[in-house]
Amino acid sequence: LFEELQLICAELNKRKINYAILKGWDVIIRGFYTMNQRQISDIDILINPYDCQNLICILEELKYKVKYLPSKSKLFEKYTELHAPYQGYKNEICIDIHFNIFNIAQNYKVNTQLLIQTSKSIKFKGQIFKILDIENASLFCKLHIYKHIKFDSLKFSSFQDLYYLNSENERKISKLWFGL
């Protein structure tokens, strides 16, 4: 999975396409876990909807089959519209292509283009990866857990991610406000 993440991000970087890696890979790239400590089953990429076709081309060049996920029902459509409408598949690997960090039915108005502009580049294992700044990553994690509580089931790893992201964000705020 990590080798595929490396290939995809190398192409995104080479083509100067803005993106942010979300969820499990985010916390690994930040150094909160090693790859042996955090179970990851897919790759989540946040991208501006206008750059989606570029990402789809990259995935197809890397031999992924990219599918648009039509809604299974009107109820499902209401809660998933424009969140992660495309997925790429290759063997057992799944790539979730996110246009928004939340389902639009949750009424969070987040400008994906502006959010991605806050991403930062981090060198990890000799390569550059882009992730959200700590404030937005922490907020995303909180609201992602909320989404799962309201609509799905929870994964314990989400709470672990929240602990590390929120702790780091709180340290940053304390240092800024109080010099700690």
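K.L.:
Would you mind showing me how to read the nonpolar core here?
P.N.:
Across soluble globular proteins, you tend to see nonpolar side chains buried next to one another. Judged by nonpolar contacts, the single largest core of 46 residues is most densely connected at Leu5, Ile8, Ile21, Ile95 and Ile97. Excluding its chain neighbours within four sequence positions, the residues that come into contact with Ile95 are Ile8, Ile43, Ile45, Leu59, Tyr64, Tyr86, Gln87 and Gly88.

K.L.:
Hey, could you run me through the side chain of Asp96 in this one?
P.N.:
Checked against the element boundaries, Asp96 lands in strand S5 (residues 93-98). Of the buried charged residues, Asp96 lacks a salt bridge, with Lys23 as the closest side chain of opposite charge at 5.2 Å. A distance of 2.4 Å separates the side chain of Asp96 from the side chain of Gln87, its partner in a polar contact. Every residue in contact with Asp96, bar those within four places of it in the chain, is listed here: Asp42, Ile43, Asp44, Ile45, Tyr86 and Gln87.

K.L.:
Help me understand unusual backbone geometry, please; the structure alone is not making it clear to me.
P.N.:
The phi torsion of most residues other than glycine is negative, and most of the peptide bonds are trans. The backbone of Lys63 sits at a positive phi, close to 75°, despite the residue not being glycine. Tracing the backbone shows Lys63 in the loop between helix H3 (52-61) and strand S3 (65-68). One non-glycine residue, Lys125, lies in the positive phi region at around 55°. Within the element layout of this structure, Lys125 appears in the loop between strand S6 (120-124) and strand S7 (127-131). Lys125 gets classed as exposed once you look at its relative accessible area, which sits at 57%.

K.L.:
What is the right way to read H3 from this model?
P.N.:
The periodicity of an α-helix, 3.6 residues per turn, causes residues three or four places apart in sequence to face the same way. Listed in full, the buried residues belonging to H3 are Cys52, Leu55, Ile56, Ile58 and Leu59. Summarising the axial view, the buried residues of H3 lie within an arc of 160°, below the 170-degree limit, and thus occupy one face. Where H3 is buried, its residues touch helix H1 (2-14), strand S2 (43-47), S3, strand S4 (86-90) and S5. With its phi angle positive at about 75°, Lys63 sits one or two positions after the end of H3.

Analysis parameters
- Numbering of residues begins from 1 in every chain and follows the order in which that chain's sequence is written.
- The model is predicted, so local features are restricted to residues of pLDDT at least 70 and side-chain atom pairs to those at 80 or more, both for listing and for counting; the totals for chains, interfaces and linings are taken over all residues.
- Just so you know, side-chain values use all the structure's heavy atoms and leave hydrogens and water out.
- The criterion is simple. A nonpolar core is a set of buried Ala, Val, Leu, Ile, Met, Phe, Trp, Tyr and Cys residues joined through side-chain atoms within 4.5 Å.
- For each residue, the accessible area found with a 1.4 Å probe, counting protein chains only, is set against the maximum for its type, and the residue is called buried under 20%, exposed over 50%, and partly exposed in between.
- In this description, contact between two residues means that some pair of their heavy atoms is separated by no more than 4.5 Å.
- A run of H or I in DSSP becomes a helix once it reaches four residues, and a run of E becomes a strand once it reaches two; helices and strands are each numbered from the N terminus.
- Charge convention: Lys and Arg are scored as positive, Asp and Glu as negative, and His as well as the terminal groups of each chain are ignored.
- Salt-bridge detection follows one rule: a side-chain nitrogen of Lys or Arg within 4 Å of a carboxyl oxygen of Asp or Glu.
- Under the rule applied, a polar contact is a pair of N or O atoms within 3.5 Å (in protein, one hydrogen donor and one hydrogen acceptor; residues adjacent in sequence only if both atoms are side-chain atoms).
- Note that the arc is defined by the directions from the helix axis to the C-beta atoms.

Remember that the coordinates give geometry; whether it matters functionally is a separate question.
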